[in-house]
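So the chains spell out like this:
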Amino acid sequence: MKIGTYFAYWEKEWDVDFFPYISKAAGLGFDILEISGAGLADLPDDKVIALREEAKRCKIMLTACIGLPKEYNVSSEDEETRRNGIAYMKRLLDKMDLADIRQIGGIIYAYWPADYSLPVNKEKARAISIESVRELADYAKPYGITLTLETVNRFEQYLINDAAEATQYVKEIDRDNVKVMLDSFHMNIEEDSFYDAIVNTGEYLGHFHIGEANRKVPGKGRIPWEEISKALHDIHYDGTVVMEPFVCTGGTVGSDIKVWRDLSDHADLEKLDKDIAESCRFCKKIFG
Ligand code: MN
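Criteria and thresholds
Residues numbered from 1 in each chain as written. Predicted model: local features only at pLDDT ≥ 70, side-chain atom pairs only at ≥ 80, totals over all residues. Heavy atoms only, no water. 1 Å grid on protein atoms, 1.4 Å probe; cavity = no way out; pocket = protein on both sides within 12 Å on 5 of 7 lines; lining within 4 Å. Points joined across faces, edges and corners; volume = space filled by probe spheres on them. Helix = DSSP H or I, 4+ residues; strand = E, 2+ residues; numbered from the N terminus. Nonpolar A, V, L, I, M, F, W, Y, C, P; charged D, E, K, R; others polar. Expected span 1.5 Å × (residues − 1). Buried < 20%, exposed > 50% of the residue type's maximum accessible area, 1.4 Å probe, protein only. Contact = heavy atoms within 4.5 Å. Pairing = 2+ DSSP bridges. Right-handed = clockwise from strand over helix to strand, strands pointing away. Salt bridge = Lys/Arg side-chain N within 4 Å of Asp/Glu carboxyl O. Donors = N, O, S within 2.8 Å, 3.2 Å for Na, K, Ca; no water.

The next subject is empty space enclosed by the protein. Enumeration over the complete set of coordinates arrives at one cavity of 30 Å³ or more. Considered as a void within the structure, the largest cavity measures approximately 40 Å³ in volume. In terms of lining, the largest cavity is formed by Thr151, Asn161, Asp162, Leu182, Asp183, His186, Met187, Glu190 and Glu191. At the level of secondary structure, the elements contributing two or more residues to the lining of the largest cavity comprise strand S6 (178-183) and helix H7 (184-190). When residues in the lining of the largest cavity are grouped by element, the largest group, three residues, is from H7. Grouping the constituent residues of the lining of the largest cavity by class yields two nonpolar, three polar and four charged.

Structure representation (structure tokens):
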């Protein structure tokens, strides 16, 4: 398994210059850097090519992740919103191809975070979402890009809350470049068993986010990493495993993720780097 990290551990905004994080991730021991789709869709081509070349130089695999904003909700009953979301995702897929990024995960089947001041019609949204994701999958196919649908907890979205719903959804989509994405942080809230959730997802699993229950780096909390690793090995998972720690307050990242207290032990940059490098070593040992 390849181990990676999400860039936002160090940042307070989603749309930032990812370039310096490529060599940084490599230097800290990672195989993958995951970047945000926010910003990539509108990044000039020369900057996209620079990311690709830097990743090649540093032997880093790039992956992308995004929670689509409300105005790009591809599960919307408003056709204009849905079309805008699809157009945005297609622009993003074009840029991903240029950047040589072959997988994107997150809430690319609806929007994030869900606005619960609005009524929820899950059945209708699900049907619209499936239609949208099929169109996106067919667009991504010639690029060799896989879409991975992130299973998130009930407080953040309502369409796919556990591995069983995700697997059922992906089966209905019926496209080989659409897979399930699980995240230990969300699983901790929604699943009866980490092991069963992963094993029952089996061959449909395409991406895995890791983090502690409070989103600290893996190894600092109580998530059962040995159990998760055993499940991934038992299904012969050979895909990407990316940590997604959020420990600092502030900015759009802090408020979107609801980081209202410092979870870094008031770390400076040097300590943040030391903690995540240690976690990377921990993950490489656990996941093998
Ligand atoms: Mn995640």
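Picking up where we left off.
Take helix H5 (residues 122-140) next. Across its 19 residues, H5 extends 26 Å between first and last C-alpha, which sits within 8% of the 27 Å expected from 1.5 Å per residue. Burial in H5 covers these residues: Ala125, Arg126, Ile128, Ser129, Ile130, Ser132, Val133, Leu136, Ala137 and Ala140. Buried residues along H5 sit in contact with helix H4 (79-98), strand S5 (146-150), helix H6 (163-173) and S6.

Regular strands place their side chains on alternate faces of the sheet. Within strand S3 (residues 61-67), five of the seven residues are buried, leaving the element largely enclosed by the surrounding structure. Strand direction decides the pairing type here: strand S2 (residues 32-36) and S3, joined by five bridges, are parallel. Bridged to Ile35 within S3 is Ala64. Bridge analysis of S3 against strand S4 (residues 103-107) gives four bridges, and the strand direction is parallel. Opposite Cys65, over in S4, you have Gly105 as the bridge partner. The β-α-β motif built from S3, the intervening H4 and the parallel element S4 has right-handed crossover chirality.

What follows concerns the pattern of salt bridges. Note on pairing: side chains with opposite charge can pair once their charged atoms come close. If you walk through the whole model with that rule in mind, you get 25 salt bridges. Put simply, Asp45 and Lys95 hold a salt bridge, and the shortest N to O gap is 2.6 Å. Placement of Asp45 in helix H3 (residues 45-58) and of Lys95 in helix H4 is noted, with a sequence separation of 50 residues between them. Given the relative accessible area of 15%, Lys95 is considered buried. With a closest N to O distance of 2.8 Å, Asp176 and Lys141 form a salt bridge.

Turning to the coordination of the manganese ion, a few remarks are in order. Listed as protein donors to the manganese ion are Glu150 (OE), Asp183 (OD), His209 (ND1) and Glu244 (OE); their distances from the metal cover 2.1 to 2.2 Å. Mapping the donors of the manganese ion onto the primary sequence yields the spacing E-x32-D-x25-H-x34-E. You can see Glu150 sitting in strand S5 and its partner His209 sitting in strand S7 (residues 205-210), a full 59 residues away along the chain. For the pair Glu150 and His209, one class covers both residues: buried.

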